[in-house]
Amino acid sequence: MSLKKSLILIIIVLLIDQISKIYIKTNFILGESVTVFSWFKILFIENEGAAWGTKLSDILPISDSAGKLFLTIFRLFAIVGIGYWLFDIIKKKAPKVLILAVSLIFAGALGNIIDSVFYGLIFDHSNHQVATLFSNEPYGKLFHGKVVDMLYFPIIDTTWPEWVPKYGGKSFRFFEPIFNIADSAISVGVAVLIIFNKKAFASPSKNES
């Protein structure tokens, strides 16, 4: 897989990711949802932390602002590392499946970094209102943006039977995470690496045979 094809894939993922996020921010109020199918909803939330909404301030004795700044800086270092890895494997003509997977991971990571770095500067808040792009009263500052999530798949939404110990009568929902296109690209890239591990990391001699 050539550098050109990798860049095209990255650009396509980034465009879909950012267009979908900007559309949601400028058309939905925070918490608003639209049911597409019974098992698929568009639900607008904002993620201030890492995976599953985890904040560093929940783990470490630091403020939410400091935790957000640290997380964004960490993501920037991570994307530089992933970018170097991608450039290196392309230069070494690694297996196409490896380049494909790393390209998806890079695109997804970059998509979420754009939110974290810039969204606090270009949008106002979405609480009880539809946000404005390039607002004169942005909700945050550089490196303190919130990641926009909207894809929600409550494939199973039911209640535990009364006879189930401890959980009887309580609601049960699968699949609960709410995510975005960037998250999907990262997940697909990681899945490709796991499923096609041997092919992705095959030695050059095996790859050519």
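Refer to the structure presented above.
Computed from a predicted structure; not experimentally measured. Position numbers for residues start from 1 in each chain and track the written sequence from start to end. Confidence filtering applies because this is a predicted model: local features only for residues at pLDDT of at least 70, side-chain atom pairs given and counted only at 80 or more, and all residues used for totals across whole chains, interfaces and linings. Only hydrogens and water are set aside; all other atoms, that is, all heavy atoms of the structure, feed into the side-chain values.

Caption draft 1: Broad picture of the pattern of salt bridges. Salt bridges, as used here, are contacts in which a Lys or Arg side-chain nitrogen is within 4 Å of a carboxyl oxygen on Asp or Glu. Across all of its chains, the model carries six salt bridges by this definition. In this structure, Lys21 engages Asp17 in a salt bridge whose closest nitrogen and oxygen atoms are separated by 2.9 Å. Taken together, the positions of Lys21 and Asp17, both in helix 1 (residues 3-27) and four residues apart, correspond to about one turn of that helix. For Lys21, a relative accessible area of 0% gives the class buried. Partly exposed residues are those whose accessible area sits between 20% and 50% of the maximum for their type, while under 20% is buried and over 50% is exposed, using a 1.4 Å probe and protein chains only. With relative accessibility at 0%, the residue Asp17 sits in the buried group. For Lys92, the salt bridge goes to Asp88, with nearest N and O atoms at 3.2 Å. Taking the relative accessible area as the measure of exposure, Asp88 reaches 15% and is therefore buried. Taken together, the shared-partner salt bridges in this structure form one network comprising Asp17, Lys21 and Asp115. Put simply, DSSP H or I for four residues or longer makes a helix, DSSP E for two residues or longer makes a strand, and each gets a number counted from the N terminus.

Caption draft 2: Expanded view of the environment of Asn180. Counting through the fold element by element, Asn180 comes out in the loop between strand 6 (178-179) and helix 4 (181-195). Distance in space between the C-alpha atoms of Asn180 and Gly169 is 31 Å, their sequence separation being eleven residues. By the convention used here, residues are in contact when the closest approach between their heavy atoms is within 4.5 Å. Apart from the residues within four sequence positions on either side, Asn180 is in contact with Asp17, Lys21, Asn112, Val147, Val148, Asp149, Met150 and Leu151. Think of a polar contact as two N or O atoms within 3.5 Å of one another; within protein, one of them needs to be a possible hydrogen donor and the other a possible acceptor, and neighboring residues in sequence only count if both atoms come from side chains. From its side chain, Asn180 meets the backbone oxygen of Val148 in a polar contact 2.9 Å long.

Caption draft 3: Representation of the sheet that holds strand 3 (residues 147-152). Strand pairing requires that DSSP identify at least two bridges connecting the strands. With antiparallel pairing, four strands are arranged side by side in an open sheet as 1-2-3-6. At either margin of the open sheet sits one strand with a lone partner, and together these are strand 1 (33-37) and strand 6. Relative to strand 2 (residues 40-47), strand 1 is paired through four bridges, and the arrangement is antiparallel. Note that in strand 2 the partner of Phe37 across the bridge is Phe40. For every element, the axis is a line fit to its C-alpha atoms; helices are fit only across the contacting stretch, and the angle between N-to-C directions ranges from 0 to 180 degrees. Running over the sheet, helix 1 touches strand 2 and strand 3 and is turned about 90 degrees from strand 3.

Caption draft 4: Fine view of the side chain of Asp149. Note that Asp149 resides in strand 3. Positive charge is attributed to Lys and Arg, negative charge to Asp and Glu, and no charge count is given to His or to the chain ends. We note that Asp149 is buried and unpaired, the nearest opposite charge coming from Lys21 at a distance of 6.3 Å. Side-chain polar atoms of Asp149 contact the side chain of Asn180, separated by 2.8 Å. Ignoring anything within four residues of it in the chain, the contact list for Asp149 reads Leu43, Phe44, Ile45, Asn47, Ile178, Phe179, Asn180 and Asp183.

Caption draft 5: Layout of helix 4. Over its 15 residues, helix 4 extends 21 Å from the first C-alpha to the last, a length consistent with the 21 Å expected when each residue adds 1.5 Å. Looking at helix 4, one finds that the buried residues are Ala182, Ala185, Gly189, Val192 and Leu193. Along the axis of helix 4, the buried residues cluster in a sector spanning 100 degrees; they form a single face. Residues of helix 4 that are exposed and angled more than 90 degrees away from the buried face: Ile194 and Ile195. Looking at the buried residues of helix 4, the elements they touch are helix 1, helix 2 (64-91), helix 3 (96-122) and helix 5 (197-200). The residue sitting at the N-terminus of helix 4 and contributing the capping side-chain oxygen is Asn180; that oxygen lies 3.0 Å from the backbone nitrogen of Ala182. Expected helix span is computed as 1.5 Å times (number of residues minus one). Our arc is simply the arc of the directions from the helix axis toward the C-beta atoms.

Caption draft 6: Structural context of the pairing of strand 3. Among the six residues in strand 3, six count as buried, and that is most of the element. Bridging between strand 2 and strand 3 involves five bridges; their strand directions are antiparallel. Looking across to strand 3, one finds that Asn47 is bridged to Val147. As paired elements, strand 3 and strand 6 share two bridges and run antiparallel to each other. Counted as the bridge partner of Tyr152 is Ile178 from strand 6.

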